Amino acid sequence: TKKQVPHDKSLDNTIDLLKEGYLFIRNRVDKYQSDIFETHLLGQKVICMTGEESAKIFYNPELFYRKDATPKRVQKTLFGVGAIQSMDGEAHIHRKNLFMSLMTPSYQNQLAKLMMDKLLDSIKVWENKEQIILFDEVNEILCRVVCQWAGVPLKESEVKERAEDFSLMVDSFGAVGPKHWKGRRARIRTEEWIKGIIEDVRSGNIKVEEDSALYAMTFYRDIDKNQLDSHMAGIELINVLRPVVAISTFIVFEALALHEYPQSKDKLLSGDKDKLKMFVQEVRRYYPFTPLLGARVKKDFIWNECEFKEGMLVLLDVYGINHDPRIWNNPDKFCPERFRERNDNLFDFIPQGGSNPAKGHRCPGEGITIEIMKASLDFLVNKIEYDVPNQNLSYSMAKIPTLPESKFIISNIRRKS
Ligand code: HEM
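Computed from a predicted model, the values in this text were never measured in an experiment.

The rules we used
Residues numbered from 1 in each chain as written. Predicted model: local features only at pLDDT ≥ 70, side-chain atom pairs only at ≥ 80, totals over all residues. Heavy atoms only, no water. Donors = N, O, S within 2.8 Å, 3.2 Å for Na, K, Ca; no water. Helix = DSSP H or I, 4+ residues; strand = E, 2+ residues; numbered from the N terminus. Expected span 1.5 Å × (residues − 1). Buried < 20%, exposed > 50% of the residue type's maximum accessible area, 1.4 Å probe, protein only. Near = heavy atom within 4 Å. Polar contact = N/O pair within 3.5 Å; in protein donor to acceptor, adjacent residues only side chain to side chain. Nonpolar A, V, L, I, M, F, W, Y, C, P; charged D, E, K, R; others polar. Contact = heavy atoms within 4.5 Å.

Asks: Could you clarify how one ought to interpret the coordination of the iron atom of the ligand in this entry?
Replies: Tetrahedral metal sites with four donors have an ideal angle of 109.5 degrees; octahedral sites with six donors have ideal angles of 90 or 180 degrees. The sole protein-derived ligand of the iron atom of the ligand is C363 (SG), positioned 2.3 Å away. Along the polypeptide, C363 turns up in the loop between α15 (318-321) and α16 (366-383).

Below, the structure is given as structure tokens:
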């Protein structure tokens, strides 16, 4: 007999998605004992799927496309309207090459070094404060780091507001109501700012190094050999700046992991690069950041007895795959050691998307993320000492994206001798 693909019964599950957040797909996969189920979200029929095999088909460009896969409200906060995330085919690959060219190991190291330098610089300020909120501080530092690296002029007096706008764009993308509008206004302000800078570079008012991200975006020619208009070039430059600032979320989760699992902290005292990397990988796997990804069906096909109809929205369970017991032993245990012997394939460890980043939509910024996280972890373990006062460190699995409530407060900060 033919297996029926489970249909989630409620008329529309949008509210449940908002209530269950990161666990929405996983909860139903457990309930129906099926990697794939159909439901209704935002007034449309949607297929949700989890597991490594699902990730493999999700990244097959013959079967799926990205245009119109992201709700407009997410484009108007997180991505920017009409940016790389919603492109397809050769035009996408062409633009993706530009992003890939800015994320080489040499750029990764430059960014990691800048990060460490600025973290070390801030010790003397922090030593004189009773306590700091780690998320806010790191957000501002990353904003300085990425603007300096990219060639974007940033006055010290504007750091706070610019950094806050970058994080508002990220924080608001899953929101409705006033919070959504806060995110939209943050994006409008940031797009205006960066568009002005692109125009200043084009008119020669700002001089910029040829190997910088600002130069690359300003003078990039698309597949039809045309320059992007200054607004679009700005949106794509923001697609480099904003996600670097967003690494602050992972850095807070690193600090939380050090606090929650002090025995794994001891292993990092030597500053050994491999151990730092294992810890970083486990933070990216274990803690919730990207919940799911969406794509639309390119042409009718049947897979796993489920009918995929042209144009249908399909959601891939990123958080669930990073906690899939078929891939990870004791997935809900924090254990950096699991990365010691591991050979990841392109579909079984996907905190920043799956498949080959040069050929599909996988994040081009994983190398940058890992190197900046390694530098920050080394800093937290080996360059300073601090106390973690009583505070609410819990993070909600319903809120997308989530963060410890207190944003991680540390006090009594000293330079480690
Ligand atoms: C795409 C996550 C950092 C630039 C993505 C995707 C995810 C992701 C899940 C989508 C994958 C897909 O659609 O298949 C993250 C997380 C980060 C991070 C959790 C940690 C903070 C970065 C950094 C950069 C970056 C540091 C750049 C310096 C991009 C770009 C895309 C992207 C440009 C669009 C790629 C495309 O559509 O082809 N990221 N990312 N990300 N990320 Fe990241």
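And the narrative resumes.
Asks: I keep staring at helix α7 (residues 134-150) and nothing clicks. Help me out?
Replies: Here α7 contains 17 residues, and its C-alpha end-to-end distance of 24 Å stays within 8% of the 24 Å for a straight helix at 1.5 Å per residue. Of all the 17 residues making up α7, 13 are buried; the element is thus mostly covered by neighbouring parts of the structure. Positive phi shows up at G151, right after α7, with a value of about 90°.

Asks: What is the right way to read the site of the ligand from this model?
Replies: Taken together, 28 residues form the shell around the ligand, and within it Y59, R66, H92, H361 and C363 come nearest. At 2.7 Å from an oxygen atom of the ligand is found a side-chain nitrogen or oxygen belonging to H92. Within the side chain of Q352, a nitrogen or oxygen atom sits 3.4 Å from a nitrogen atom of the ligand. Elements represented by at least two residues in the shell around the ligand include exactly α5 (89-101), α11 (230-245), α12 (247-260) and α16. Each residue belonging to the shell around the ligand can be placed in one class, and the counts come to 15 nonpolar, ten polar and three charged.

Asks: What's the story with the side chain of T369 in this structure? I'm lost.
Replies: Relative to the assigned elements, T369 resides in helix α16. For T369, the side chain forms a polar contact with the side chain of Q352, separated by 3.4 Å. Separated by 2.7 Å, the side chain of T369 and the backbone oxygen of G365 make a polar contact. The contact partners of T369, leaving out residues within four places of it in the chain, are I247, F250, R284 and Q352.

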